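Listed below are the residues making up each chain.
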Amino acid sequence: QVQLVESGGGSVQAGGSLRLSCAASGSIFSIELMAWYRRAPGKERELVAQMTSSSTTTYKESVNGRFTISRDNAKNTVYLQMNSLKPEDTAMYYCRVWAPQSYWGQGTQVTVSS
């Protein structure tokens, strides 16, 4: 099976930046698709960013231009660079990787204060 280890979360002030990492290990053949989700208190889980195996990216409208999803094939790692953070970005962030089955990380907390 595949294990996803997330890191990079924390607390920052509005306007700050964070980079989330999600390292995959285990029985990995190749990463076909990767995505970042988040769930804020009192809200449903939502897709934040997605990257296909052909490097086509898709972003939630509210983060478009501020967040960037990327991958490092050699490290089997997916990243989410978050710039110009806003308080409404506060949430638990989860990575999801298809290899080719779907796997979830345990989540990393991001807190943005005014």
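Preceding block: the structure.
Residues numbered from 1 in each chain as written. Predicted model: local features only at pLDDT ≥ 70, side-chain atom pairs only at ≥ 80, totals over all residues. Heavy atoms only, no water.

S.K.: Can you tell me about the pattern of salt bridges, naming the residues and giving the values?
M.R.: Tallied over the full model, the rule gives 4 salt bridges. A salt bridge links Glu46 to Arg38; its shortest N-O distance comes to 2.7 Å. Notably, a salt bridge pairs Arg66 with Asp89, separated by 2.8 Å at the nearest N-O pair. Of the two residues, Arg66 sits in the loop between β6 (57-59) and β7 (67-72) while Asp89 sits in the loop between β8 (77-82) and β9 (91-98), which places them 23 residues apart along the sequence. For Arg66, a relative accessible area of 11% puts it in the buried group. Salt bridges sharing partners connect three or more residues here, namely Arg38, Glu46, Lys60, Arg66 and Asp89. (Salt bridge = Lys/Arg side-chain N within 4 Å of Asp/Glu carboxyl O. Helix = DSSP H or I, 4+ residues; strand = E, 2+ residues; numbered from the N terminus. Buried < 20%, exposed > 50% of the residue type's maximum accessible area, 1.4 Å probe, protein only.)

S.K.: Tell me what's going on with the side chain of Thr77, and back it up with residues and numbers.
M.R.: Mapped onto the fold, Thr77 is located in strand β8. Overall, the relative accessible area of 7% leaves Thr77 in the buried class. At a separation of 2.9 Å, a polar atom in the side chain of Thr77 contacts the main-chain carbonyl oxygen of Lys75. Apart from residues no more than four positions distant in its own chain, Thr77 is found in contact with Ser21, Cys22, Ala23, Ser70, Arg71 and Asp72. (Polar contact = N/O pair within 3.5 Å; in protein donor to acceptor, adjacent residues only side chain to side chain. Contact = heavy atoms within 4.5 Å.)

S.K.: Go over the state of the cysteines with me, naming the residues and quoting the values.
M.R.: Counting across every chain of the model gives 1 disulfide. Put simply, Cys22 and Cys95 are joined by a disulfide, and their sulfur atoms are 1.9 Å apart. Looking along the S-S bond of the Cys22-Cys95 disulfide, the torsion reads about 50°, which is the right-handed sense. Here Cys22 is found in strand β3 (residues 18-26), whereas its partner Cys95 is found in strand β9, with 73 residues between them in sequence. Across the pair, Cys95 and Cys22 agree in class, each one buried. (Disulfide = S-S within 2.5 Å.)

Note that every value here comes from positions in space, so none of it alone points to a role or purpose.
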